[in-house]
Amino acid sequence: MDNHDRAAASDAVAPVPDSRAFRAVMSRFATGVTVMTAMDDQGEVTGMTANAVASVSLEPLLVLVCVERTTDMARRVRSGGRFALSMLPATARKLSDHFANPDRSRGWAGFTGIETIEAVTGVPILAEALGWLDCRVHDLHEGGDHWIVVGEVVAAALGDAGPALGYFDHDYVEIPTPG
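Predicted, not measured: the structure shown is a model, and the values here were computed from it.

Chemist: Please explain the nonpolar core as it appears in this structure.
Modeler: What tends to happen in soluble globular proteins is that the nonpolar side chains get buried as a cluster. The biggest cluster of nonpolar side chains holds 18 residues, and the ones touching the most others in it are Leu88, Leu95, Phe99 and Leu126. Broken down by secondary-structure element, the contributors of at least two residues to this core are strand S2 (34-39), helix H4 (93-100) and strand S8 (125-126). When sequence neighbours within four positions are dropped, the list of residues in contact with Leu126 reads Val35, Ser86, Leu88, Leu95, Phe99, Ile114, Glu115 and Thr116. In this structure, Val63, Met73, Cys135 and Val149 belong to the second largest nonpolar core, which totals 17 residues.

Listed below in C-alpha cells is the structure:
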C-alpha cells in the first residue's frame, strides 16, 4: 500500500458506527441464504431465515449459526439441543420471506404447505434445499444480543443442483452454478 492508498483509506475511516451504520456496511457482505429449523424437547418446531452461518471445523464436523437470544428459535434450540440448516435455491425467495416474517404462524402451523423431510434428529428439513445439515448443539456462546450456536453435524445431504439464493445490499441475488 503506497502513501496515496493509505491516505485514501484513512479518509474513509469513520467513528464507531451505530447499529444502523453497522447493518449498512454488513449488507455489503454477500451471503448465502438458509432456513434454520429447530425442535424443542416437547416436539414443537420453529424456523427462521438465517445468513449468519459458517463452517467451523472438519474434525469434528461443526457449523455455527447466530440466533437472537430473545427469539422462539433461541428457546427451542436451547431446550431441544437440535437444529437443521437448509441451503436455499434461487427459486426459494418465498420460503425465505416466509421464515423471515415475524407474523407467520408458529409451531407446526408455520410449516403448512411446505414439504419437509427428516434425518437423524427429527427436525424438519426443507425438501427443496440445495443441501442440508442436521445438527446437535455442541456449544452455545454469548455474542452480544445473540447466541452463537455451534452444532455438530450428524447428517448431511445434497439436494438438486442449481443456482443458490444469496443476499447482498438488502436484496436477494442469484448465485449461479459454477462451470
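Chemist: Could you clarify how one ought to interpret the pairing of strand S5 (residues 61-68) in this entry?
Modeler: The two faces of the sheet receive side chains in turn, since in a regular strand these alternate between them. Direction of pairing for strand S4 (residues 53-58) relative to S5: antiparallel, over a ladder of five bridges. Bridge pairing links Val53 to Val65 in S5. Judged from the seven bridges that link them, S5 and strand S10 (residues 146-158) form a sheet pairing that is antiparallel. When the bridges of S10 are listed, Cys66 appears paired with Ile148.

The rules behind the values
Residue positions are given per chain, counting from 1 as you read along its sequence in written order. Whole-chain, interface and lining totals are the exception, using all residues; otherwise, since this is a predicted model, local features are given only for residues with pLDDT of at least 70 and side-chain atom pairs are given and counted only at 80 or more. Excluding hydrogens and water, the side-chain values take into account all heavy atoms of the structure. For this analysis, a nonpolar core means a set of buried residues of the types Ala, Val, Leu, Ile, Met, Phe, Trp, Tyr and Cys, connected via side-chain atoms within 4.5 Å. Burial here depends on accessible area, computed with a 1.4 Å probe over protein chains only, as a share of the maximum for the residue type. Under 20% is buried, over 50% is exposed, and the range in between is partly exposed. Secondary structure elements are taken from DSSP: a helix is a run of H or I of four residues or more, a strand is a run of E of two residues or more, and numbering for both begins at the N terminus. What makes two residues a contact is simply this: any of their non-hydrogen atoms within 4.5 Å. The pairing criterion for strands is at least two bridges between them, as found by DSSP.

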